[in-house]
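Chain by chain, the residues run as shown.
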Amino acid sequence: MKINLDRTSSGFCIGVQGTIHVAEEKLAESGALYCLGDVVHNEVEVKRLEALGMETIDIPAFEELRDAEVLIRAHGEPPSTYQTARQNNLAITDTTCPVVAKLQKTAKMLHQLGYQVVIYGKKVHPEVIGINGQCNDEGVVIKHPDLSYPEETEPLDLSRKTALISQTTMDVPGFYELKKNLEKLFAEHGHRNPGTESGEWMAVRDIDITAEKTGARAMPELVYKDTICRQVSSRNGKLRDFALSNDCIVFAAGRKSSNGQVLYSICRDANPHSYFIEDVEEILPEWFVGDDGKPVQSVGICGATSTPMWLLEKVANYIDKTFGDGSSAPDA
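Residues numbered from 1 in each chain as written. Predicted model: local features only at pLDDT ≥ 70, side-chain atom pairs only at ≥ 80, totals over all residues. Heavy atoms only, no water.

## Examining the overall build of the chain
When helices and strands are tallied, the chain shows 13 helices and 13 strands. For the chain, the C-alpha atoms occupy an extent of roughly 70 × 55 × 35 Å along the three principal directions. Looking at the chain as a whole, 52% of its 332 residues are labelled buried. Sequence-distant contacts in the chain: of pairs separated by 6 or more residues, those separated by 24 or more amount to 68%. Summing over all exposed atoms, the chain offers an accessible surface of approximately 15,400 Å²; the carbon and sulfur share of this is 51%. (Helix = DSSP H or I, 4+ residues; strand = E, 2+ residues; numbered from the N terminus. Buried < 20%, exposed > 50% of the residue type's maximum accessible area, 1.4 Å probe, protein only. Contact = heavy atoms within 4.5 Å. Areas by Shrake-Rupley, 256 points an atom, 1.4 Å probe, with all protein chains shown as cover.)

Listed below in structure tokens is the structure:
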């Protein structure tokens, strides 16, 4: 049985890598550090860092904290968090992902320009909470691109100038499906960009937003900006190919990870013999037996953007030693 470890489309994204690196450095220096929310949506990695001295706190505990150092994770935070830190004399170590920080800036400028900001994302996701905070919590969050949930579309003002952006980890096809359906919805209510009979919205760049903000050049009333992180979205196709190339897949991720759920679904759709775990204790021997009753020839080990590579290596080695012959080194 050959063990194949996916090192190209699994494991921490750059933003999470940066957060974990800073957390480790801070803990090595002082042996203690508060983190606002789970540092990453992976319980195994959270426990590892907590064993080094990290303490995970929620918003109520954060608001009661005084004279301490607090880590802001890659997801980012709304402006209210930084205001609380100033009031409570908290030293902030900010590891907001650069892609997320740029998106927050975009959301803030669009809101300041008077746009109704529509966010393609999950309302309770910490990244979306941070983005919406830049819009004074007035953004309209839509998770379902087909506009099938009235409670998501009810807040829309179809007469206002509107800008569509996205949580960085959402899927690209879904974003453009939402754009198409919003174009149709607004057009049906008589709101189109001048000169566009089809109701098409205009793609804008940072330079366009800056030009509007400085008064150099105005933007149309209906615009969109694709703010999805391609480092994350590009994993989808690669992971699908990886799942197809192995007899069975063991996918390791935290159950809180929305990215993990999406990527696991991609694996399962490509290969029905795909199994989700958080750690090795959940692995079952029957997964590695084919329909013919013989051991499978190949097992693929992969995970989410919030899954540490050390955990994937642990899974690969465990499977090899427990269900293989102990001689199949995971692919580099």
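## Topic: the sheet that holds strand 5 (residues 91-94)
In space, the four strands of this open sheet follow the order 3-2-4-5, with parallel pairing throughout. Strands with a single pairing partner mark the edges of an open sheet, and in this sheet they are strand 3 (54-57) and strand 5. In this sheet, adjacent strand axes meet at a mean angle of 30° when their direction is disregarded. As paired elements, strand 2 (residues 33-36) and strand 4 (residues 69-72) share two bridges and run parallel to each other. Looking at strand 4, one finds that Tyr34 is bridged to Val70. Each of strand 2, strand 3, strand 4 and strand 5 touches helix 1 (residues 14-30); the most contacted strand, strand 4, lies at about 165° to it. (Pairing = 2+ DSSP bridges. Axes fitted to C-alpha atoms, helices over the stretch in contact; angles between N-to-C directions.)

## Remarks on the pairing of strand 3
When strand 2 meets strand 3, the two strands line up parallel, connected through four bridges. Residue pairing in the sheet places Tyr34 in a bridge with Glu55 of strand 3. The parallel pair strand 2 and strand 3 is bridged by helix 2 (residues 43-51), and the resulting crossover is right-handed. (Right-handed = clockwise from strand over helix to strand, strands pointing away.)

## Quick look at the packing of helix 1 against helix 2
Where helix 1 meets helix 2, the closest approach of the two axes is 10 Å, and the angle between their N-to-C directions is 20°. Viewed along their axes, helix 1 and helix 2 adopt a mutual orientation that is roughly parallel. Contacts between helix 1 and helix 2 involve Ile20, Glu24 and Leu27 on the former and, on the latter, Glu45, Arg48 and Leu49. Tallied by class, residues from the contact of helix 1 with helix 2 come to three nonpolar, no polar and three charged. (Parallel < 35°, antiparallel > 145°, perpendicular 65-115°, else oblique. Nonpolar A, V, L, I, M, F, W, Y, C, P; charged D, E, K, R; others polar.)

## Focus on the packing of aromatic side chains
On inspection of all chains with the given rule, the structure shows twelve aromatic pairs. A ring pair is formed by Phe175 and Tyr176, whose centres lie 5.1 Å apart and whose planes are at 85°; its orientation type is edge-to-face. Looking at Tyr176, the relative accessible area reads 33%, which means it is partly exposed. The ring of Tyr115 has Lys161 lying over it, and the distance from NZ or CZ to the ring centre is 4.4 Å. (Phe/Tyr/Trp six-rings, centres within 6.5 Å; stacked < 30°, edge-to-face > 60°. Lys NZ or Arg CZ within 6 Å of the ring centre and 35° of its normal.)

## Observations regarding the side chain of Asp6
Secondary-structure assignment places Asp6 in the loop between strand 1 (2-5) and helix 1. Only 2.6 Å separates the side chain of Asp6 from the side chain of Ser10, close enough to count as a polar contact. (Polar contact = N/O pair within 3.5 Å; in protein donor to acceptor, adjacent residues only side chain to side chain.)

## Details of the side chain of Asn132
For Asn132, the location among the structural elements is in helix 6 (residues 126-133). Not counting the four nearest positions on each side in its chain, Asn132 is found in contact with Ile119, Asp137, Glu138, Gly139 and Val141.

## Looking at the sheet that holds strand 8 (residues 162-166)
Ordered by their spatial adjacency, five strands build an open sheet running 7-6-8-10-9, and the pairing between neighbours is parallel. Because the sheet does not close on itself, it has two edges, and the strands there are strand 7 (140-142) and strand 9 (202-203). Relative to strand 10 (residues 222-224), strand 8 is paired through three bridges, and the arrangement is parallel. Within strand 10, the position partnered with Ala163 by the bridge is Val223. Sitting on the sheet, helix 5 (residues 98-112) touches strand 6 (116-120) and strand 8, and the angle it makes with strand 8 is about 170°. Where helix 6 meets the sheet, its contacts fall on strand 6, strand 7 and strand 8, and the angle it forms with strand 6 comes to roughly 170°.

## A look at the pattern of salt bridges
Once the charged atoms of two side chains with opposite charge are near each other, the side chains can pair. Summed over all chains, the structure comprises 14 salt bridges. Put simply, Arg255 and Glu278 hold a salt bridge, and the shortest N to O gap is 3.6 Å. A residue pair is termed long-range when its members are at least 10 positions apart, and Arg255 in the loop between strand 11 (248-252) and helix 12 (258-270) and Glu278 in the loop between strand 12 (274-277) and strand 13 (298-303) qualify at 23 residues. Two residues, Lys314 and Asp279, come together in a salt bridge whose shortest N-O distance is 3.1 Å. One end of the pair, Lys314, is in helix 13 (residues 309-323); the other, Asp279, is in the loop between strand 12 and strand 13, with 35 residues separating them in the sequence. Overall, Asp279 belongs to the buried group, its relative accessible area being 13%. What you see here is one network of salt bridges that share partners, running through Glu24, Glu45 and Arg48. (Salt bridge = Lys/Arg side-chain N within 4 Å of Asp/Glu carboxyl O.)

Everything listed here is a matter of geometry and, on its own, says nothing about what the molecule does.
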